[in-house]
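Coordinates in review
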Amino acid sequence: MKFTYPKHEKLKSKTTIDLLFSEGKSVSKYPLRLVYVENTEPNAELIKMGVSVSKKYFKKAVDRNYFKRVLRETYRLNKHLLIDNLEKPHAFMFFYQTKERLSYQEIEEKTIQLFQKFNERQK
């Protein structure tokens, strides 16, 4: 298993993002939230992932960018938990939703729990 986050896995399609927010299902493990929808585009990748940190909680871009980097890194190292249980292509948006500044270890722990919770919902 390669622990990479290549360009083709990044969620950039405006139509897919709009679909996520209108029809997407959600699973949460405070303070993280994963919104997902089955990707119906032809030739879609098995997984498309985007990350987001609210301006409401972190006014400075430096802080938002730090948490986005942490979310991308925890996804990169734990994406095998998602990929191993997916049959159809999915699009995901990964949110950090609190003012609290959790450590990297805490965020990684919550990410693993969140991905496991998603897998339970898929069964």
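Residues numbered from 1 in each chain as written. Predicted model: local features only at pLDDT ≥ 70, side-chain atom pairs only at ≥ 80, totals over all residues. Heavy atoms only, no water.

Counting across every chain of the model gives 10 aromatic pairs. Relative to tyrosine 96, the ring of phenylalanine 67 has its centre 4.6 Å away and its plane inclined at 20°; by these criteria the two rings are stacked. You can see phenylalanine 67 sitting in helix 2 (residues 61–78) and its partner tyrosine 96 sitting in strand 4 (residues 90–96), a full 29 residues away along the chain. For phenylalanine 67, a relative accessible area of 2% corresponds to the buried category. Centre to centre, the rings of phenylalanine 92 and phenylalanine 118 are 5.2 Å apart; their planes meet at 75°, and the pair counts as edge-to-face. Taken together, the residues phenylalanine 92 in strand 4 and phenylalanine 118 in helix 4 (residues 104–122) connect sequence positions 26 residues apart. Note on phenylalanine 92: relative accessible area 0%, which makes it buried. Three or more aromatic residues link up through ring pairs in this structure, and these residues are Phe58, Tyr66, Phe67 and Tyr96. Positioned over the ring face of tyrosine 5 is lysine 10, at 4.9 Å from the centre of the ring. If you follow arginine 33 out to its NZ or CZ, it ends over the ring of phenylalanine 95, 5.1 Å from the centre. (Phe/Tyr/Trp six-rings, centres within 6.5 Å; stacked < 30°, edge-to-face > 60°. Helix = DSSP H or I, 4+ residues; strand = E, 2+ residues; numbered from the N terminus. Buried < 20%, exposed > 50% of the residue type's maximum accessible area, 1.4 Å probe, protein only. Lys NZ or Arg CZ within 6 Å of the ring centre and 35° of its normal.)

Of all hydrophobic cores here, the largest spans 25 residues; its most connected members are Leu34, Phe92, Phe94 and Tyr96. Sorting the residues of this core by element identifies strand 2 (32–38), strand 3 (47–53), helix 2, helix 3 (80–83), strand 4 and helix 4 as the ones contributing at least two each. Excluding residues that lie within four positions of it along the chain, tyrosine 96 makes contacts with Pro31, Leu32, Ser52, Val53, Ser54, Phe58, Phe67, Leu71, Arg101, Leu102 and Ile107. In terms of nonpolar packing, the next biggest core, distinct from the first, is built from 7 residues, Leu11, Leu20, Met93 and Phe95 among them. (Core = buried A, V, L, I, M, F, W, Y, C linked by side-chain atoms within 4.5 Å. Contact = heavy atoms within 4.5 Å.)

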